[in-house]
Number of protein chains: 2
Amino acid sequence: MRAKGRRLQRGHGESYCYQELRRAVLEGRLVPGQRLVEAELVRMLGVGRAAVRTALARLEQEGVVERAPNRGARVRLLTEQEAVEILEARAALEGLAARHAAQRATPQDLRQLRSILREMAACARKGDTFRYTECNRRFHEVLVTASRHLTAARLLDSLRAQMVRYQYRTVLAPGRLPRSLQEHRAIVDAVAAKDPDAAEASMRAHLEAVAATLREVARQTSEVAIP
Amino acid sequence: MRAKGRRLQRGHGESYCYQELRRAVLEGRLVPGQRLVEAELVRMLGVGRAAVRTALARLEQEGVVERAPNRGARVRLLTEQEAVEILEARAALEGLAARHAAQRATPQDLRQLRSILREMAACARKGDTFRYTECNRRFHEVLVTASRHLTAARLLDSLRAQMVRYQYRTVLAPGRLPRSLQEHRAIVDAVAAKDPDAAEASMRAHLEAVAATLREVARQTSEVAIP
DNA sequence: GTCAACTTTGTTGTAGACAATCTTGCAGTG
DNA sequence: CACTGCAAGATTGTCTACAACAAAGTTGAC
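If you're wondering where the values come from, they're calculated on a predicted model, not measured in any experiment.

Draft legend 1. Region of interest: the protein's contact with DNA strand D. Within the structure, DNA strand D sits among 18 residues, and A:Arg10, A:Gly48, B:Arg10, B:Arg49 and B:Arg53 are positioned closest to it. Close to the protein, within 4 Å, the atoms of DNA strand D are drawn from sugar and phosphate at a rate of 71%. In the environment of DNA strand D, a phosphate oxygen lies 3.2 Å from a nitrogen or oxygen atom belonging to the backbone of B:Asn70. Of all the elements in the fold, those that place two or more residues in the surface near DNA strand D are β1 (35-36) and α3 (49-62) of chain B. Split into classes, the residues belonging to the surface near DNA strand D amount to three nonpolar, six polar and nine charged.

Encoded structure:
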């Protein structure tokens, strides 16, 4: 995240700034709770303050950052309760997406899903949780794309952007990984069988299992230490 | 929508502008497709251009307005396809809300819902579709509040803000009104019975019926004239 | 030593000006 | 008559400067 040498094209400073900040949050370069001082962002991104300002407003609307009048913006920090709520909302919306995917997925979509599934299985065998998480992200992305449901896609994109902090915690729960893999298999099978009801049901079951795990993990860690 | 006499409090110009514009769209004072010239809004709202600008950015993020670089903003105009998608997303999310409402609704919430239901029945008898629509809006609002699911509430709020144009069209379909009333009754009954599954199912059935009606209405009108 | 009021510093909110870009109307040409 | 190119006006994007505010630090009285 450095100032670029050449000038940006007029009219794109704001969206550049928006995307760059969003990525920075998603990739963990900006952590929840961190202050976002406008002047600093201006230096880092090499854009005007107006662009930074409106980008922050958009990110607030999306739920990625919080702003208080005269006190600036910071990366939003979720409570466990909110994280669970977001997972529930995701379950509802990705259920819808899975239903549509079952009706509209192309053979190529299915090939892609199966390919990711194989990679996930390999990661599960090796215990490579980091790469597994990455595959998981791609899996859901491909499936939502395959649904061709732009509204659901937009909402899910914003929901996932808010979840950075809890993204990695659930897979690490003991015994969760093989189950997760199985749940993903069930989803692909239902989509491949062009069975909308089964697709939605399996997706919801999957994300509700994740929510349940998160609840469990949260309960345990809160007894030991506050992260 | 006139310039206010007294000065606005510092730090609230932007959110004032955001809310005012949002209301204007929801109440139909700004119609889909209409251009939103910054200088004009500045005059109307009595705030600085920066405030207008960031407010427009937020509204774009919410899907209420569209902006193109160097070409300004206009109130977003949905295609029927997008309207149907939004209703599908609403069905998924309000289904979730209904499920939670069945578990968390207080006696007062239920009294409010039943009161609205009675008013709706009266409107249906008299054929007062305008007031029926207003009751319908309140019904869904109360139910979402009763669910105590902030994430779903936020998402639904933004979805409803995008639907202005199609809000009134579905109730006007012949024979739809009595069915709509019955569907709402079923939802309240399920919530009152504290049956989450039934609550979710009846809400989804309701909104999917609305989506189906919209599809039907859209098909018919598109054969006659483009609205 | 403690607390309150004041000052300082860092940061945000707002206004105004200017330049880049788009749009529109018009003239000229094939 | 249709079409292209140009000029004027309108509108947006960006920059700079300054005022208002919050938080932290400092002084002074008790």
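Having put the structure on the table, let's press on.
Draft legend 2. Highlighting the nonpolar core. Ranked by size, the top nonpolar core spans 96 residues in total, and within it A:Phe139, A:Leu143, B:Phe139 and B:Leu143 carry the most contacts. Setting aside its immediate chain neighbours within four residues, B:Leu143 contacts B:Ala97, B:Ala98, B:Ala101, B:Leu113, B:Ile187, B:Val191 and B:Met203.

Draft legend 3. Fine view of the sheet that holds strand β2 (residues 65-68) of chain A. Residue and element names in this part refer to chain A. The strand order β1-β3-β2 describes an open sheet built from three strands, whose pairing is antiparallel. Of all strands in the sheet, those bounded by a partner on one side alone are β1 (35-36) and β2. Pairing of β1 with strand β3 (residues 72-75) involves two bridges; the strand directions are antiparallel. Counted as the bridge partner of Arg35 is Arg74 from β3.

Draft legend 4. Representation of the relation of the copies chain B and chain A. Laying chain B over chain A is done by rotating through 180° and shifting 0.0 Å along the axis; what remains is an RMSD of 0.0 Å. In symmetry terms, the pair is related by a two-fold rotation axis. Of the residues that chain B buries at the interface, 100% are likewise interface residues in chain A, meaning the two copies contact each other through the same surface.

Thresholds, definitions, all that
- Sequence positions are assigned chain by chain, starting from 1 and proceeding in written order.
- Chains carry letters and ligands carry numbers; both start at the beginning, A for chains and 1 for ligands, and go up in the order they are written.
- With the structure being a predicted model, the display of local features is reserved for residues of pLDDT at least 70 and the display and counting of side-chain atom pairs for 80 or more, all residues being used for whole-chain, interface and lining totals.
- Note that water and hydrogens are dropped before the side-chain values are worked out from all heavy atoms of the structure.
- Being near a molecule or strand, for a residue, means having at least one of its heavy atoms within 4 Å of it.
- Pairing of N or O atoms within 3.5 Å defines a polar contact, subject to two protein rules: one partner must be a possible hydrogen donor and the other a possible acceptor, and residues neighboring in sequence count only if both atoms are side-chain atoms.
- Strands here are runs of E lasting at least two residues and helices are runs of H or I lasting at least four, both read from the DSSP assignment and numbered beginning at the N terminus.
- Any residue outside Ala, Val, Leu, Ile, Met, Phe, Trp, Tyr, Cys, Pro, Asp, Glu, Lys and Arg is labelled polar, Gly included; the first ten of those are nonpolar and the last four are charged.
- Note on terminology: a nonpolar core comprises buried Ala, Val, Leu, Ile, Met, Phe, Trp, Tyr and Cys residues joined through side-chain atoms within 4.5 Å.
- Buried, partly exposed and exposed residues are distinguished by accessible area as a fraction of the type maximum, computed with a 1.4 Å probe on protein chains only: under 20%, between the cut-offs, and over 50%, respectively.
- Every residue pair with non-hydrogen atoms within 4.5 Å of one another is taken to be in contact.
- Pairs of strands are assigned from DSSP output, requiring at least two bridges between the strands.
- Fitting of the copies onto one another was done by least squares over C-alpha atoms, counting residues only where both copies have pLDDT of at least 70.

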